[in-house]
Amino acid sequence: MKKLLCFAGLMSLLLLLIFITTAARPLGSGPERGGAPDKTLSPYFLVKTEEPGKDLLPLKATRAEVKIAGVVAGVKITQVYKNQGQKALEAIYVFPASTRAAVHAMRMTVGQRVIDAQIMEWQKARDTYEQAKQQGKTTSLLEQQRPNVFQMNVANILPGDEVKVELQYQELLEPEDQVYEFVFPTVVGPRYSNMSAAGAPDTERWVKNPYLHEGQAPPFSYDLAVEINSGLPLAKLSSPSHEVAVKYPSPNSARVSLKDPATAGTKDFVLRYTLAGDRINSGLLLYPGKDENFFLLMMEPPARVKAEAVVKREYIFIVDVSGSMHGFPLETTKALMQDIINGLRPQDYLNVLLFESGNAVLSESGSLPASEDNKTKALNFIKAQPGGGGTEILKALNRALNLPRTPNTSRIVVVATDGYVHVEPQTFELIRQHLGAANLFPFGIGTSVNRHIIEGMARAGLGEPFVVLGPGEAAKQAARFRRYIESPLLTNIRVSFQGFDATEVEPASLPDLFAQRPLTLLGKYRGSPAGTIVVTGKTAKGNFEQKIKVSSDQASPDNAALRVLWARHRLMRLADLGSLEGEKNADRIKEITALGLKYSLMSPYTSFVAVDQVKRSDGKVETVKQPLPLPAGVGDLAVGGGFPGGYMAKSRMAAPMASRADLAMRESPGRYVTALPSTAAPPSQGTTAPAVKMRIQVVQVKGPLDKKAVKEALEAELPRLTACCQEALKRGVKLPAAVTLTFTIGPGGKVAGPVLPKLPLGYEALTKCLSQAVQHIKFPDPGKKAVKATVKLLLAAK
């Protein structure tokens, strides 16, 4: 009997370790990844080195104070930096905020001195900061990298110093289905990038940031408090993301605090509440300013009417199975897809495209009828994926949106992703150019998704955004989706003004309204408030019209927030238009910059800078990038998956699917996976590889579990482990007689950290397949003590 070698899985893990070691430089030292010719902007893991006197973790605390009054949330974020080393520091911290945040103020406190920041044109603010840094003055700079991603630089933090930086923003809260939701993001997830670091624009360099490993807590304290004051009594209040303590000083107010702040900083804080009688704060608000007047209209939508006509629909599901989706996010996606796909009607059609570094499609020739058999095939296609590789979302969208259309159907495109990419503008433009007569509904998956890309895809795709925090929310969000697509609440929406001199209204045009949320308009007005606002449109029943009277009774100086909220909406629309133009438009940039300067607002082209005028050092500083924790539920593959070699686990697809030519995948070592055209044959077609017999030998177990328990858990997954070797054989890989793996079993019986090979063995895709198989295994719970296990996979030909 010919002896087979199972060069099974482990070289890629070694390659991953090598990649991380070279990518993760000590903070404040020389260039990342030692000048490798193919270095990219990919995030990397923090490597703590012995550098005497250097504080690598200068951010000590962050706190958010939130005050919600009616429909406006005011947020103050306080960051405390302290240098506990012996060298002067420059700290760089990348952090998130709401996609709707109108950041309008910043101040810095150094000792007893308080410095209010100034808003400046981006380059001028950067130059002011750099000059102050070189002069030895303590200075801080706040820049917007994305509408929901900001970067704080604080320079000349002297040994023993404590520097406090505060920033303030406001945002508008719009209820949906009578439920108000306030979201406060706490961490920026690692963004996949294949962009070369050499020559990368300044707007993208923030992506290259250090991260802590999976499960490591934030190295700084975190806290949050919310105060709600409503014009109507509160009914229900809860947080699906965190455990909170709630006090009610009155029927119309509440005070919310975190029960366990130590665990709060790795996922979005989400607070939901309703008002008594399922009412909402709606109507018209006016703010008569000194030089300009502003208004806000929030009109309750009409009741949903089910359309009588049955419309055939074609569903294109685009599913992210990249490394950052591995584990909890992908399991959430699978639960969501099962709910939606099982709910399709027999007259509907469906197709599925999966993507990571490469992509694969269920049916290249066109969508399939939504029969029970085809729905099962689609779900098996999705469920077979463990998650791994990069996040090539542009290639996936381009391929999916150009799949053949099914005649006489209404096309619905569904995208499921965590959004951990930095190509948001290109994504929005691609959707606008290629979507055609269809609607796109993006689902953000996980505890800390990139809401900017999720909301932006919905705007570009004329759909609605969804965020699914975990598997428990999948059924609810799937039901919302089905409700939305049955019939829009209001279409062909038009707004006119009779006797009310409204100008510069935002948005300039209103898309169809799918969700049960208010129709919202912000604008300016001239003269005395009077007249009528008329809203018209169409429902499933027919024509719709509603008139809102304008009077001076609706004006109040308490509505001053409307000024910055209007400017923020205008600024965002102009930024969206700028991305559509395909290249930088000088006039558009000037308009956005002027808005930011006039209304003291953060934007892509305006920043806040504060300078303490006291010279305190010689200007020589050690630069430290504050490492970020991985979002809850996100594993180390989110950082390691940014390099080539993503692997669609074809070996785990359902047998009927694996034989389809349009699912065939090919791979060469160290290269991206690409899907073969539908006319090509699968690599394994016509080739029968010898079967592999695998035996498990547990070499060593340190901890409260015994060898038998570990062996039984591994043997339960023998088909999955063997499939990795079988697939490698089909690709012509020579395998050794044994492969040794070392891993740690943590609380709950889950594998904690990487699965390490003893020797540098195998191709990357094979190694990733084996390591992911082990990562998926549920071992007995060892309790509080971790278990370190070493096992040997013994292989022989049948």
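Here we summarise the structure given alongside this text. What you are looking at is a predicted structure, and each value in this text was computed from that prediction instead of being measured.

1. Examining the overall build of the protein
- Assigned secondary structure in the protein consists of 15 helices and 39 strands.
- Taken over 798 residues, the protein has a buried fraction of 58%.
- Across the protein, every contact between residues at least 6 apart in sequence was considered, and the portion connecting residues at least 24 apart equals 78%.
- Put simply, the protein shows about 31,500 Å² of open surface, and 51% of that area lies on carbon and sulfur atoms.

2. Things to note about the packing of aromatic side chains
- Enumeration over the complete set of coordinates arrives at 21 aromatic pairs.
- Their ring planes at 50° and their centres at 6.4 Å tell us that Phe-441 and Phe-466 sit as a pair that is tilted. You can see Phe-441 sitting in strand β25 (residues 438-445) and its partner Phe-466 sitting in strand β26 (residues 466-468), a full 25 residues away along the chain. For the pair Phe-441 and Phe-466, a shared accessibility class is recorded, and that class is buried.
- Between Phe-441 and Phe-514, the ring centres sit 5.4 Å apart and the planes meet at 80°, which makes this aromatic pair edge-to-face. Remark: Phe-514 occurs in the loop between β28 (502-506) and β29 (519-525) and Phe-441 occurs in strand β25; sequence separation between them is 73 residues.
- Overall, the relative accessible area of 0% leaves Phe-441 in the buried class.
- These aromatic residues form a ring-pair network of at least three members: Tyr-315, Phe-317, Phe-441, Phe-443, Phe-466, Phe-481, Tyr-484 and Phe-514.

3. Digging into the pattern of salt bridges
- Scanning all chains against the criterion turns up 37 salt bridges.
- Here Glu-424 makes a salt bridge to Arg-146, at a shortest N to O gap of 2.8 Å. Here the residue Glu-424 occupies a position in helix α6 (residues 424-434), and Arg-146 occupies one in strand β8 (residues 137-146), the gap between them amounting to 278 residues.
- As a salt-bridge pair, Arg-526 and Asp-501 come within 3.1 Å of each other at their nearest N and O atoms. With Arg-526 in the loop between β29 and β30 (532-538) and Asp-501 in the loop between β27 (491-498) and β28, the pair connects residues that are 25 residues apart, well separated along the chain.

4. Brief notes about the sheet that holds strand β2 (residues 59-69)
- Taking strand neighbours across the sheet as the criterion, the 8 strands line up as β6-β5-β10-β3-β2-β13-β16-β15 in an open arrangement whose pairing is mixed. Unpaired on one side and paired on the other, β6 (113-116) and β15 (244-250) mark the two borders of the sheet. Here the strands of the sheet are splayed against their neighbours by 15° on average, with no regard to which way each runs.

5. Comments concerning the nonpolar core
- By size, the foremost hydrophobic cluster in this structure holds 94 residues, and its most contacted members are Leu-142 and Phe-184.
- Among the elements that take part in this core, helix α9 (residues 561-580) stands out by supplying 8 residues, more than any other.
- Excluding its chain neighbours within four sequence positions, the residues that come into contact with Leu-142 are Phe-95, Val-103, Met-106, Phe-150, Gln-151, Met-152, Leu-167, Met-602, Ser-607 and Phe-608.
- The next biggest cluster of nonpolar side chains, apart from the first, holds 37 residues, and it includes Met-337, Leu-344, Ile-445 and Ala-515.

6. Some words on the packing of helix α5 (residues 393-401) against α6
- One can describe the packing of α5 onto α6 by two numbers: an axis separation of 10 Å at closest approach and a directional angle of 5°. Between α5 and α6, the crossing angle belongs to the class labelled roughly parallel. When α5 is examined against α6, the residues Ile-393, Leu-394, Leu-397, Asn-398 and Leu-401 are found in contact with a partner set consisting of Gln-426, Thr-427, Leu-430, Ile-431 and His-434.
- Residues of the contact of α5 with α6, tallied by class, amount to 6 nonpolar, 4 polar and no charged.

7. Brief notes about helix α2 (residues 122-134)
- With 13 residues, α2 extends 19 Å from end C-alpha to end C-alpha; this agrees with the ideal 18 Å at 1.5 Å per step.
- Of the positions making up α2, those classed as buried are Ala-125, Arg-126, Tyr-129, Ala-132 and Lys-133. Buried residues in α2, looked at end-on, bunch into an arc of 130°, giving them a common side. Turned more than 90 degrees off the buried face of α2, the exposed positions are Lys-124 and Gln-134.
- Looking at the buried residues of α2, the elements they touch are β4 (89-96), β7 (118-121), β8, β9 (149-157) and β32 (606-615).

8. What about the side chain of Asn-209?
- Structurally, Asn-209 is set in the loop between β11 (180-184) and β12 (210-211).
- At a separation of 3.5 Å, a polar atom in the side chain of Asn-209 contacts the main-chain carbonyl oxygen of Gln-626.
- In contact with Asn-209, other than residues within four places in its own chain, are Pro-43, Tyr-44, Val-94, Lys-625, Gln-626 and Leu-628.

What counts, and where the lines are drawn
- Residues numbered from 1 in each chain as written.
- Predicted model: local features only at pLDDT ≥ 70, side-chain atom pairs only at ≥ 80, totals over all residues.
- Heavy atoms only, no water.
- Helix = DSSP H or I, 4+ residues; strand = E, 2+ residues; numbered from the N terminus.
- Buried < 20%, exposed > 50% of the residue type's maximum accessible area, 1.4 Å probe, protein only.
- Contact = heavy atoms within 4.5 Å.
- Areas by Shrake-Rupley, 256 points an atom, 1.4 Å probe, with all protein chains shown as cover.
- Phe/Tyr/Trp six-rings, centres within 6.5 Å; stacked < 30°, edge-to-face > 60°.
- Salt bridge = Lys/Arg side-chain N within 4 Å of Asp/Glu carboxyl O.
- Pairing = 2+ DSSP bridges.
- Axes fitted to C-alpha atoms, helices over the stretch in contact; angles between N-to-C directions.
- Core = buried A, V, L, I, M, F, W, Y, C linked by side-chain atoms within 4.5 Å.
- Parallel < 35°, antiparallel > 145°, perpendicular 65-115°, else oblique.
- Nonpolar A, V, L, I, M, F, W, Y, C, P; charged D, E, K, R; others polar.
- Expected span 1.5 Å × (residues − 1).
- Arc of directions from axis to C-beta.
- Polar contact = N/O pair within 3.5 Å; in protein donor to acceptor, adjacent residues only side chain to side chain.

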